[in-house]
Amino acid sequence: LAKTTQPISMDSYEGQEVNITCSHNNIATNDYITWYQQFPSQGPRFIIQGYKTKVTNEVASLFIPADRKSSTLSLPRVSLSDTAVYYCLVARPNSGYALNFGKGTSLLVTP
Amino acid sequence: KAGVTQTPRYLIKTRGQQVTLSCSPISGHRSVSWYQQTPGQGLQFLFEYFSETQRNKGNFPGRFSGRQFSNSRSEMNVSTLELGDSALYLCASSGVPPGTGTYEQYFGPGTRLTVT
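Residues numbered from 1 in each chain as written. Chains lettered and ligands numbered in written order. Predicted model: local features only at pLDDT ≥ 70, side-chain atom pairs only at ≥ 80, totals over all residues. Heavy atoms only, no water.

Draft legend 1. Representation of the pattern of salt bridges within the structure. All names here are of chain B. On inspection of all chains with the given rule, the structure shows five salt bridges over all chains. Residue Glu82 is joined to Arg63 by a salt bridge in which the shortest nitrogen-to-oxygen separation is 3.6 Å. In this pair, Glu82 sits in the loop between β8 (74-78) and β9 (87-94) while Arg63 sits in the loop between β6 (53-57) and β7 (64-68), placing the two residues 19 residues apart along the sequence. Given the relative accessible area of 42%, Glu82 is considered partly exposed. Several salt bridges converge on common partners, so that one network encompasses Arg63, Glu82 and Asp85. (Salt bridge = Lys/Arg side-chain N within 4 Å of Asp/Glu carboxyl O. Helix = DSSP H or I, 4+ residues; strand = E, 2+ residues; numbered from the N terminus. Buried < 20%, exposed > 50% of the residue type's maximum accessible area, 1.4 Å probe, protein only.)

Structure follows, in structure tokens:
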């Protein structure tokens, strides 16, 4: 399973944009970058996935530079309800759903 | 559509006992994965099943085992329980065959296992 490195925790105020950067130096050509969100006492929830450049959906944007050794999850104008743990994963096609979540980044949003 | 369900939600066992946890995936989903979550180690992959076949296994001792039935429901078993097995065990399902390029899994609420 490909390994990732992301900050253990981050703090933000309501209404700000939050960017969480993840390092994945050993990413392989066919790997995808995937982000999940987990609220307390719940299972993780898929947020977004990308291969290169930029992907945007109704929840977040994912920026991936050309070398793909890192990625940045961008949450626009966060609210208190965005307080959660965010996991960056590298998914390898021949590993199926064997996903290495690690410890994630604990984001705390305050008023 | 009903989500992923896991039973039981809470369980208390004694060291040395064994335990079986159950997971019912979303209807139509054939891929089921299991994860262990602890404060110290985070969320770790246990195993993955697709169409009754174990496709991948994480780095856990042989005391941890699982299986998948023809209706895609899955069970995991932990034998000779140790205190360190206390954790939240999460099951996830997906409707897309593994390796097709999308990695969206749907997680259940988990089973909280406490070993005393």
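Draft legend 2. Molecular detail of the pairing of strand β3 (residues 19-24) of chain B. Residues and elements named next belong to chain B. Pairing of strand β1 (residues 5-7) with β3, which is carried by three bridges, proceeds in the antiparallel orientation. Across the sheet, the residue bridging to Gln6 is Cys23, located in β3. Sheet topology note: the β3/β8 ladder contains five bridges and is antiparallel. Among the inter-strand pairings, Ser22 is bridged to a residue of β8, identified as Glu75. (Pairing = 2+ DSSP bridges.)

Draft legend 3. Layout of the interface of chain A and chain B. Each side of the interface is counted separately: chain A has 22 residues, and chain B has 25 residues. Between chain A and chain B, roughly 1900 Å² of surface is buried when both sides are summed, and carbon and sulfur atoms account for 55% of that area. Taken together, the connections running from chain A to chain B amount to zero salt bridges. Inspection of the chain A/chain B interface yields seven residue pairs in polar contact (both at pLDDT 80 or more). Contributing elements (two or more residues each) for the side of chain A that touches chain B: β3 (32-38), β4 (45-50) and β8 (84-91) of chain A. Among the elements that make up the side of chain A that touches chain B, the one with the highest residue count is β3(A) (four residues). Residues that form the side of chain A that touches chain B fall into these classes: 12 nonpolar, eight polar and two charged. (Contact = heavy atoms within 4.5 Å. Buried area = accessible area lost by both parts, 1.4 Å probe. Polar contact = N/O pair within 3.5 Å; in protein donor to acceptor, adjacent residues only side chain to side chain. Nonpolar A, V, L, I, M, F, W, Y, C, P; charged D, E, K, R; others polar.)

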